[in-house]
Structure formats: structure tokens, C-alpha cells
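One-letter residues, chain by chain:
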Number of protein chains: 2
Amino acid sequence: MATRKLDSIDARILSHLQRNAKLTNLELAELVNLSPSPCLARVKALERDGVISRYTALVNPASLGLNVNVFIRVRLEKQSREILASFEHAIGLREEVLDCYLMSGEADYLLRVVVPDVASLEKLTIDHLSRIPGVANIQSSFALKEVKIHSPLPVR
Amino acid sequence: MATRKLDSIDARILSHLQRNAKLTNLELAELVNLSPSPCLARVKALERDGVISRYTALVNPASLGLNVNVFIRVRLEKQSREILASFEHAIGLREEVLDCYLMSGEADYLLRVVVPDVASLEKLTIDHLSRIPGVANIQSSFALKEVKIHSPLPVR
DNA sequence: AATGAAAGACTTCCTTC
DNA sequence: GAAGGAAGTCTTTCATT
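Throughout what follows, the structure given in this document is the object of discussion. (Residues numbered from 1 in each chain as written. Chains lettered and ligands numbered in written order. Predicted model: local features only at pLDDT ≥ 70, side-chain atom pairs only at ≥ 80, totals over all residues. Heavy atoms only, no water.)

1. Observations concerning the pairing of strand 5 (residues 135-148) of chain A
Pairing of strand 2 (residues 68-76) of chain A with strand 5 of chain A, which is carried by 7 bridges, proceeds in the antiparallel orientation. In the strand pairing of strand 5 of chain A, Arg73(A) is matched with Gln139(A). Both strand 5 of chain A and strand 3 (residues 97-103) of chain B contribute to a ladder of 4 bridges, which runs antiparallel. From the neighbouring strand, Lys148(A) faces strand 3 of chain B, where its bridge partner is Cys100(B). (Pairing = 2+ DSSP bridges. Helix = DSSP H or I, 4+ residues; strand = E, 2+ residues; numbered from the N terminus.)

2. Digging into the sheet that holds strand 3 (residues 97-103) of chain A
Strand order in this closed barrel of 8 strands is 2(A)-4(A)-3(A)-5(B)-2(B)-4(B)-3(B)-5(A), and the pairing throughout is antiparallel. With direction set aside, neighbouring strand axes in the sheet form an average angle of 35°. In this fold helix 4 (residues 81-93) of chain A packs onto strand 2, strand 3, strand 4 (109-115) and strand 5 of chain A together with strand 5 (135-148) of chain B, with an angle of close to 15° to the strand it touches most, strand 4 of chain A. (Axes fitted to C-alpha atoms, helices over the stretch in contact; angles between N-to-C directions. Contact = heavy atoms within 4.5 Å.)

3. Details of the protein's contact with DNA strand D
Lining the immediate surroundings of DNA strand D are Thr24(A), Asn25(A), Leu26(A), Ser37(A), Leu40(A), Lys44(A), Leu34(B), Ser35(B), Ser37(B), Pro38(B) and Arg42(B). For DNA strand D, the backbone portion of the atoms within 4 Å of the protein, that is sugar and phosphate, comes to 58%. Between DNA strand D and Leu26(A), the relevant distance is 3.3 Å, taken from a phosphate oxygen to a main-chain nitrogen or oxygen of the residue. Within the backbone of Ser35(B), a nitrogen or oxygen atom sits 2.9 Å from a phosphate oxygen of DNA strand D. (Near = heavy atom within 4 Å. Polar contact = N/O pair within 3.5 Å; in protein donor to acceptor, adjacent residues only side chain to side chain.)

4. Considerations on the protein's contact with DNA strand C
Around DNA strand C, the neighbouring residues are Leu34(A), Ser35(A), Ser37(A), Pro38(A), Arg42(A), Thr24(B), Asn25(B), Leu26(B), Ser37(B), Leu40(B) and Lys44(B). In the interface set of DNA strand C, defined as its atoms within 4 Å of the protein, sugar plus phosphate atoms amount to 64%. Here Ser35(A) contributes a side-chain N or O atom positioned 2.5 Å from a phosphate oxygen of DNA strand C. Backbone polar atom of Asn25(B) to a phosphate oxygen of DNA strand C: 2.9 Å apart, as the coordinates give it. Put simply, the parts of the chain that give the surface near DNA strand C at least two residues each are helix 3 (36-48) of chain A together with helix 2 (25-31) and helix 3 (36-48) of chain B. Here the surface near DNA strand C is built from residues that sort into 4 nonpolar, 5 polar and 2 charged. (Nonpolar A, V, L, I, M, F, W, Y, C, P; charged D, E, K, R; others polar.)

5. Details of the relation of the copies chain B and chain A
Note on the copies: chain B fits chain A at an RMSD of 0.0 Å, the axial shift is 0.0 Å, and the rotation between them is 180°. These values place the two chain copies in the arrangement generated by a two-fold rotation axis. Within chain B, Thr56(B) has its C-alpha nearest the rotation axis, a separation of 2.8 Å. In this assembly the copies share their binding face: 100% of the residues contributing to the interface of chain B also contribute to that of chain A. (Least-squares fit on C-alpha atoms with pLDDT ≥ 70 in both.)

6. Here's the deal with the interface of chain B and chain A
Taken residue by residue, the interface counts 63 residues in chain B and 64 residues in chain A. Regarding the contact of chain B and chain A, the summed buried area is about 6000 Å², with carbon and sulfur atoms giving 58% of it. Linking chain B to chain A there are 4 salt bridges. The salt bridge partner of Glu95(B) is Arg156(A), with a shortest N-O separation of 3.0 Å. Counting every contact that joins chain B to chain A gives 41 residue pairs in polar contact (both at pLDDT 80 or more). Listed by contribution, the elements that provide at least two residues to the side of chain B that touches chain A are helix 1 (8-19), strand 1 (52-59), strand 2 (68-76), helix 4 (81-93), strand 3, strand 4 (108-115) and strand 5 of chain B. In the side of chain B that touches chain A, the residues fall into 35 nonpolar, 14 polar and 14 charged. (Buried area = accessible area lost by both parts, 1.4 Å probe. Salt bridge = Lys/Arg side-chain N within 4 Å of Asp/Glu carboxyl O.)

As C-alpha cells, this is what we get:
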């Protein structure tokens, strides 16, 4: 990923679009003190260069009945390439797993999972996660409250 | 948060808009087999009812030089209302903290932090986090790899 | 690189079914 | 609720500076 040079106008564009991707190009141009066409050209360049990876609608999980937000730490028996690859593949298939990171330290994975209720979590853990080859240990922690969420990346 | 009744068309709308919020209303209408006006009316209703909370541009942290992604667990000495409130307020002021959850168990907080380098993480931990009143313990774990990230909520 | 103007496309509202 | 049509606005491109 080439680190593109971003000037202060690009930074302001990114800051605004993270907060509100529905800004029209006219509004955005005004916010960053540019006329519409150079503003659009910059946005397109940021998209083309992968600085902006995509645009998404943030959906409230509770409105879908997804009331349980859990972080799950998974430890593997060993970290062979095959075990890691098969674990990551299995995780890719599970829609409840919204985020998954390979972590330093005990070479764990950290998952963030959203499910309707605790029963669904149990089912996920017992029927699916624990059956993935090489999984040694699974620990769940519940998020009780979202203090801060989807905060925009600091763009300076 | 009133759990609005979502039919299968709403579900399809949400599914598409999570994947690509830049779909035009015309494209979206076609995808969900509706004509543009009822499609727009549904999207507006989903926004009004808070099912869609906002639209955001996802920005690649590496392109901003933000190469270190860390999860930080914070344990407090005690969980008095004042301590919790002041901690949450302090976290709200720190732009490097993208997400923060109050967790079950040892009544910890779990933070996700993005910074340019390890030095910045040390500075954040020592100069800021550890100085917040009531903070007893801070543990950092580095994300080595993003296996899955910003996956859309499963909408059924 | 930025500006300004023009063509085409999209959004949005209103009426009808 | 959904469809169709009309008006206004925005996007996008291009010639100009």
C-alpha cells in the first residue's frame, strides 16, 4: 500500500467523508474551500488509490434484534500455516463474526461477534468455533455498553 | 430504541447499503425489485427510525501512516459512577481511541486504538491513559493482521 | 491545478392506482 | 404501500485561465 502524499485539503475531505459520506460534492467542496470539480477529482483519486476503501451505511444492531455484542479470544493448539489458514477460512464463513484480528502475544485471534441472544452465542461457540480444527481455547467477554464506536480515524 | 418491523425488502436494502452506500436510489430499487419512489421512501424511513445511523467512508489507516492497531484492556480500581464517568469522558477526548466498550467480567474497558507507531502507543498509555483517575491496570495487545473487518451485520 | 458552464443523470415529490 | 411522471438539483466533463 503506497503511502500517498495527502495534503491538508485531502485530510479535510477524509475527515468530512468519514463523518458523513452523504455529503454532496457541492457541499464538500464548500467545506474544504474548493470549487466542485477539483474537489471531485480529489475524492476520485482517494478512491482510486485505496485511501477510501468503500462507503457503508452504519446499521443499528439493536434495530435488527442483535442485542449481544461479544469479544471472543481464541487460542490455537499450534500456529501452523494450515491451522491458521483453515481457521481464517472458517471465520470468513460465519456472518456473526463482524471483525477478526490475528493478535500478538499468545498468537490468538480476537473476534467481535454480534448475535441476537446468549443462546446464539452458545450455539456459535459450541457448534462452530470449538469444532474448527486446532482450536484449543475460547473465552468470551460481553460488551455491556458502547462508550465510543466507529470513531473516525484522526486525519492530520 | 423501538424495534421496527423489517420486512424482507428492508433487509435487502440494508444488506446492499452496508456493502455499498454509494448505490444510487435507481440501482438500489432495481436490486430489491421496487420502483424508485417506494425504495426511497423505505430508505428514508430506515434513516428516520435510526435503523441506519449514518453513512461513512471507510478509510485505510495505513494510507494515513496509522500502522499500529492495538486493543487495550483497562481495569479500574473501583467502579463508582464518578470514576466511570470521568474515564469515559477522558476517552471521548482521545482521537486515537476509535472504539471503547464497557465490558462484563472484571468491569474493564476494552479500547481499540490506532496510532502511527509503537512510540505513540507508549505515549498514549503513559501520558494519558494511566493518568486518568481510577485506572489500575493497562494491558495492550497488538493486532498483527486483519482477518475480517467491518463485515456487514447479518440481516435476515 | 482551479474555474465556470453545459449536458445528462439522479433525487424527490406529487398524483394516481 | 407501490408506480409513474415532472421539476429541480447534483454530478461530471470539458474548455479556459
